[in-house]
Structure formats: structure tokens, C-alpha cells
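Overview (structure and organization)
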Amino acid sequence: MTDVQKMLSEAFSRAIRESLGEEFAAVDPVIRASTDPAHGDWQANFAMSLAKRIGKPPRVVAETVLSALRLDGIAASTEIAGPGFVNIRLDDALLARLLSELSADPRCGVATADKHDVVAIDYSAPNVAKEMHVGHIRSTIIGDAITRILEFLGHTVLRRNHLGDWGTQFGMLIEHVRDLGWNPAEDHEISDLTSLYKQAKARFDAEPEFAERARNRVVALQAGDTETVAFWKQLIEESKKHFGRIYQQLGVKLTDDDYFGESYYNDMLAPVAEELMASGVAVKSEGALCVFPPGFKGRDGEPVPLIVKKTDGGYGYDATDLAALRHRIKDLDSTRLVYVVGAPQKQHFDMIFAASRLAGWLTDGIVAEHVPFGSILGEDGKMFKTRSGDTISLNVLIDEALKRAYDIVAAKSPNLSEEDKQKVARAIGIGAIKYVDLCNDRIKDYVFSWERMLAFEGNTAPYLQNAYVRICGIFRKAAEAGVVWEGSAVQLSAPEERALVMEMLKFSDVLGQVSRSLEPHRLCTYIYGLASMFHSFYEKCPVMTAPSDQLKRSRLVLCQQVARVLQLGLSLLGIETVEQM
RNA sequence: GCGUUCGUAGCUCAGCUGGAUAGAGCGACGGACUUCGAAUCCGUAGGUCGGGGGUUCGACUCCCUCCGGACGCACCA
């Protein structure tokens, strides 16, 4: 698929070399999309930076290069403006041809990545015997979007759901369910995971006898005691059922095959500790085996360690993360490691990465990235909680989203069948939750507001879904009228049409940016811009009542392509589209 | 104390990794439906981009320094 920026870049590079000499062969022509249509479609901004080097005014430099520039069939015009910008207006015939190519391309012009990566992505990471709550939603949704995008670009993506399935809390949990009369051989339904955990915790704090049993139970679990392990496995299975339902409701791609919990790495911990000790990367300090990556200082000015092995001989999450990283590189041959974990853990991951470099695991060809994100805040600007101060469970959140979306649909489209209302409510409600989480720069906190996220105005899921619905409406009309338009010649008559085509040509580039920065909001901003441009087109350019049959068919081709990009873009964010709403 | 991060219109946020007069939505004001879904569109008002330095032809963007908020800094994850 033809890339306009690349075509322009090559043409300008050649012109620069021919007009200014071979020593300028490596100069970047600085081709950028124009922000203002008055400045053309694209602009070349090389002249200002070259002026000093050449010793001539930038406008003269630009003129010299233009004299050697050949853009036949690409640009309709070029002009020098301002201090030395070269404004380029693309040839309408080129745009028309490119639109035809896009509409014939199943990938909407999106190229697969030049360099193929094996990406191990760590996200969601709920805790066994704890209900999923708003603290997990961002990792789950952002991770899912990143996964979809990287896969679409042709990378191999290994989902690693780092389930919290190990640790001292299992002592009290197992002891508690045992007291409740559980039998490890039977199925149990944990209807309320939160209360189970709370009860166990309360007893642990209040009953010394229970606490003692819980501690012994931890030892039994670690020793592999058969009955204890059976209870433990049962807790995990029941929890997975709960998580699975949430994932299914959210339409997230995580499955039972993606769980690689903390316990998965248990057998690797001792060898990792030994390797680090043998290589001298880890040293004994205050009884614990530690790695001190350079550059991390604590409150007292002393170096901060990663604790590979605790004084009591146990292993904590530093050890688990080190082992997991090593495993993903050495055993899974990952070339890119992605951790979608909240911003407070930034230093932890920086230290893990630094230590892994010291250990020689994380080498130059391999990229490890922490993908941090901010918190969800309530309208009061504080952490998003219920009135009583509890965290909000995802079950409750999802139910409310579905209910609110249903009410909106029922009010606005009473003519839809009950089944369709449900379906649309699901798309809108879940879409709204996801989109609000993805549409802003993830590093920032955001304020949760049902009204804003479910609004049909502005940068929201419903607005985008509605743009798609409107296009579907046009195609229903076209079908009724029996118009045959597939493969029709494209004819661009209005600025709104040109704008849409040029925007759709940028889709591939945007996805490339997202795959590099792992910032899904860039895709959101793009889709929103496209939807917004479509609405402008929709007002200005009638399709079914276009001035000519040829133009009508051309606009149908254009609409179809917009619909495809919207649909594909939203699906890469994990958001559904519907044909009516 | 050290470190990380954020500060852009009254509110909620973009700003394409250094390019032209900083853009949207909400809210305010004013327009546009017998016509593809007005669930929308068009226009007006509103900003010393937290303050101050520096680098550069050119800075919201990079560097330094203050101010303000959030978060993190040894055996919990």
C-alpha cells in the first residue's frame, strides 16, 4: 500500500541531493501533514534548518530544491510560504486512486510491522479470592487494546495474566473455607469473593488460634501438602470462574489459557537466586539476598535493593518478577516485554529491568517496557470508591453501565426489538467503560463520570458508534434503491471528501505510533477526528441525493471505507459496533 | 530528603515526539431539520500553555530552576 509521506519524503530527498549535492543526501526533508488546510495537505520543513548550513535564506534554499523536485502524479501544486515552508497540495486523481486501493485492501492500508516481535504482555492480574474491582479495570482494558493492536500489526503476542495466586494470604483463606466445611473434591460457587476474603482477614486479626492455624497452613501449602494444595487449587478454580465471567462481559480476549500466576514461577525462584548469587549480581545484606541496581536511593540515601530471597528463606514478588522476566526471555524467546501495571510500580519495574541487565538477561536487542497508568478518581477528585468507602467491584460497575445504556437506548429508540435493545445497550455500555479508559493519555488520572462517558456528544464511545450507525443507514437506503456501487470510480468534488481520504491514509501511521508508544489514546483521538470529519461530510455532501449517479456511487465507496476504518479502529480498542442504535 | 509524574479555555481533555495564528467536547451565546438518524452540523465568546531562565531560525514539546498536586523509596504484593 502506498504511503503518501514516504512518497513525498523520497521525492524531496532526491531533489535535495540533486540540487544541493551529495553531502546533503542524508538530510531529513521533514515531511509533515499540514494542520491548517490553508497550508496545503502536506508540508516540507527542511529549508529553515538547512539555511544556516548552506548560508542562504531558507526561502532561497526551498526554491533551489523545488527546481529539482519532480512530483508528477503526486502533487497538484507546491508553494513556498512563510519563512520557508513548502506547502504541498496533493493531486485529486492520486487521492481518488488511493481511496480505491484502500477500499480493496482487507487491512485498510495498514502495513504489518517491519520488525516482527515476540511480545510477552503482562496485564489484568487479578488476585485469587478477591473480586475484581476498579483497580484492575485499567490494566485489563489497556492491555487488551495493546494486545489487539500488536497482533493486528503481525506480532506474536503472549498474554501473561499474572494471577495473584500465591502468598501468605492463602493460609487464612484455606483455613477459613475448611472451617466453612468445604470439601476439596466438590465444586463450590464463590458467590461473593470479597466477603470470603474479608471474613478470613477479620478472623486472622481477631482470633489468635485461627491466625496460628493460618500460619501453619502457609507452611503446609509451601511444603506441598496434598489436602492443602487441593483447597488452594479449588480457590483458584472458583476465582477463575468469576474472572472469566468478567472478561466475557467486557469482551476481553483473556482466557483460561492465559493465566501464568505467581505460583507458575515457583520452581524457577531458587535457580534464579542461585544464578544471581553465583554471578555476584546479588549479595547478602541484612540477612536477605539482594540486588542493588545502581541509581536507586532510599529515604536514608542508602541504595534500595530488590529482595531476591528474604531473611526467612522465602521469596517475594521481586523474585517472582525477576524469574518471570528471565523465563520470558530465555524460554519464550520474547523480544519485547510489556507490563501494563499502575504508575506507582514504576520504580519497581525500573529496578527489575536494571537488575535484569546486570544479570545479562535483558540484552540490547530486547525491549522491556513498563506501561504505567494513572488512577480512576471520583467526582470529588479522590480515588473512585463507593459512598461507604469500599472499592467498586467490576460486577457492579458493569451492571450499572448496562442499565444506564439500556435506559438511554430504550428512551431514544423505543422501536427497536427487546433483543436489539439489549444488544445495543451492551455495545454502548461496555464500549463507554472501555473508551473512557482508553481515550486519555494513560499516565494521567481521570475522573469517572457516567454522564460524560455515555454522552453522544464529544469524544465518547457512543458518538463513534453513532457515526458508524449513520453510515449503515445510508447503505440501507442504497440497498432499498438497488444501487450498485462496489468498485465504482472515485470522484472527489468537495473539501470534506478530500479531507476524509487524507485522514484515512494516515490510519497505518497512527497504528504504528501506538505500537511504539503503547498509547491507545492516539488511536482514539484519530478515530474521533475521523468520525467528526465524517459528520461534517454528512451535513455538506448528500449521498443518495448527490448531483450525479457517478458522484453518488463515489460517495458510497467513500462512506464504506470510513465505516471500515471506524469499525476496525474500534475493534482494535476492543469496542463493538452495531448497525442500528 | 531523594526519585518519578502531572499542571494547556470556567469544566473534562487533545496537541502527530521541535514547525506557521495552541485545538476539541461540555457549559454560555447565535444559527441550521417537509430531504441519507438534529443521537448531528455551522458560527461567536473564552488561553501571559503553573512562574522564571536557557538551547534553537522556531519551544506546549528539549535542558535548568522555582511553585503547586499525586505517587514511590528493605523482606506486603
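This section reports on the structure supplied with the text. Note that the structure is predicted; figures quoted are calculated from it, not measured.

Procedures and definitions
Residues numbered from 1 in each chain as written. Chains lettered and ligands numbered in written order. Predicted model: local features only at pLDDT ≥ 70, side-chain atom pairs only at ≥ 80, totals over all residues. Heavy atoms only, no water. Helix = DSSP H or I, 4+ residues; strand = E, 2+ residues; numbered from the N terminus. Buried < 20%, exposed > 50% of the residue type's maximum accessible area, 1.4 Å probe, protein only. Contact = heavy atoms within 4.5 Å. Areas by Shrake-Rupley, 256 points an atom, 1.4 Å probe, with all protein chains shown as cover. Near = heavy atom within 4 Å. Polar contact = N/O pair within 3.5 Å; in protein donor to acceptor, adjacent residues only side chain to side chain. Nonpolar A, V, L, I, M, F, W, Y, C, P; charged D, E, K, R; others polar. Core = buried A, V, L, I, M, F, W, Y, C linked by side-chain atoms within 4.5 Å. Pairing = 2+ DSSP bridges. Right-handed = clockwise from strand over helix to strand, strands pointing away. Axes fitted to C-alpha atoms, helices over the stretch in contact; angles between N-to-C directions.

Bringing the overall build of chain A into the picture now. Looking only at helices and strands, chain A features 20 helices and 13 strands. With respect to the principal axes defined by its C-alpha atoms, chain A has extents near 85 × 65 × 40 Å. For chain A, the proportion of its 581 residues judged to be buried stands at 53%. Sequence separation of 24 or more characterises 73% of the internal contacts of chain A that already satisfy a separation of 6 or more. For chain A, the computed accessible surface area is about 26,100 Å², with 50% contributed by carbon and sulfur atoms.

Of all residues adjacent to RNA strand B, which total 64 residues, the nearest are Lys52, Asn87, Glu262, Lys310 and Phe456. Expressed as a percentage, the sugar and phosphate content of the atoms of RNA strand B within 4 Å of the protein is 56%. Measuring from a base nitrogen of RNA strand B, one finds a side-chain N or O atom of Tyr317 at 2.7 Å. Side-chain polar atom of Tyr528 to a sugar or linking oxygen of RNA strand B: 3.0 Å apart, as the coordinates give it. No other element matches helix α19 (residues 521–540), which puts eight residues into the surface near RNA strand B. Of the residues in the surface near RNA strand B, the class split is 24 nonpolar, 23 polar and 17 charged.

Let us look at the nonpolar core. Phe12, Phe46, Leu397, Leu523 and Leu573 are the most contacted members of the largest nonpolar core, which totals 161 residues. With residues up to four places along the chain from it excluded, the contact list for Leu523 reads Ile149, Phe507, Val510, Leu511, Val514, Gly569, Leu572 and Leu573. In terms of nonpolar packing, the next biggest core, distinct from the first, is built from 35 residues, Leu306, Phe349, Phe353 and Leu362 among them.

Burial along strand β10 (residues 336–339) is two-sided: the residues Arg336 and Val338 and Leu337 and Tyr339 are all buried. The pairing of strand β5 (residues 118–122) with β10 spans four bridges and is parallel. For Val119, the partnering residue across the bridge sits in β10 and is Arg336. Pairing of β10 with strand β11 (residues 367–370) involves four bridges; the strand directions are parallel. When the sheet's bridge partners are listed, Val338 is paired in β11 with Glu369. Between the parallel elements β10 and β11, the chain passes through helix α12 (residues 346–358) in a crossover that is right-handed.

The subject of this paragraph is the sheet that holds strand β7 (residues 282–285). Pairing is antiparallel across the open sheet formed by three strands, whose spatial order is β7-β8-β9. Among the strands making up the open sheet, the edge pair consists of β7 and β9 (306–309). On average, adjacent strands in this sheet sit at an angle of 45 degrees to one another, irrespective of strand direction. Pairing analysis gives three bridges linking strand β8 (residues 288–291) to β9, with the strands arranged antiparallel. In the sheet register, Val291 faces β9, and the bridge partner there is Leu306. Taken strand by strand, helix α10 (residues 266–278) contacts β7, β8 and β9, and its axis lies near 65 degrees from that of β8.

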